[in-house]
Amino acid sequence: STTTAPTSPSAATGSLQLTGEIAGTWFLASIQLAGREAQAVPAGAAYTLTLADGRVSTRADCNTCSSTFTVSGQTINVAEALACTRAACPTMAFENAYTSILSGASAVAQSSTTLVLTSSRGVLTFTR
């Protein structure tokens, strides 16, 4: 596993073209809470992130969440009031950590197959 110190999204530079580069559906590969080791998605659990038209929707195991987002430069800001269903999933602790890291401003690093969101809360790594 990888240990990286999460950084502030304000440290990012450059520009992000949301519509062509990060829009669409991504599959969560791992989370890393600030100061902790990276954790892979629990076996059998499904975590996805879909970005489209200023809306974010995510599947967090047996729950779904949605909200709005904005992009400025290399920073994405997901509204902190994620509206989520509240079923008791077997991966609840992982889900709570995931939604906590997702909400708020994060620096974006992206390639054709990888999306990494980094903030002081932690790091989310997605693949296509």
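Preceding this section is the structure that the text describes.
Bear in mind that the values here come from a model prediction, so they are computed numbers and not experimental data.

Asks: How should the pairing of strand β8 (residues 104–110) be read in this particular structure?
Replies: Sheet topology places strand β6 (residues 75–78) next to β8; 4 bridges connect them, and they run antiparallel. If you follow Ile76 over to β8, its bridge partner there is Ser106. As judged from the 4 bridges shared by β8 and strand β9 (residues 114–119), these two strands associate in the antiparallel manner. Paired with Gln110 across the two strands is Leu115, which belongs to β9.

Asks: Is there a simple way to explain the nonpolar core in this structure?
Replies: Taken as a class, soluble globular proteins show a tendency for nonpolar side chains to be buried jointly. Formed by 26 residues in total, the largest nonpolar core has its most connected members in Leu28, Leu49, Tyr98, Leu115, Leu117, Leu124 and Phe126. Looking at this core, the elements that each hand over two or more residues are β1 (24–33), β3 (47–52), β4 (55–60), β5 (63–72), β6, α2 (92–102), β9 and β10 (122–127). Broken down by element, the residue count for this core peaks at 5 residues, all from α2. Filtering out sequence-adjacent residues up to four positions away, Phe126 remains in contact with Trp26, Phe27, Leu28, Ala29, Leu49, Tyr98, Thr113, Thr114, Leu115 and Leu117.

Reading the values: the criteria
- Residues numbered from 1 in each chain as written.
- Predicted model: local features only at pLDDT ≥ 70, side-chain atom pairs only at ≥ 80, totals over all residues.
- Heavy atoms only, no water.
- Pairing = 2+ DSSP bridges.
- Helix = DSSP H or I, 4+ residues; strand = E, 2+ residues; numbered from the N terminus.
- Core = buried A, V, L, I, M, F, W, Y, C linked by side-chain atoms within 4.5 Å.
- Buried < 20%, exposed > 50% of the residue type's maximum accessible area, 1.4 Å probe, protein only.
- Contact = heavy atoms within 4.5 Å.

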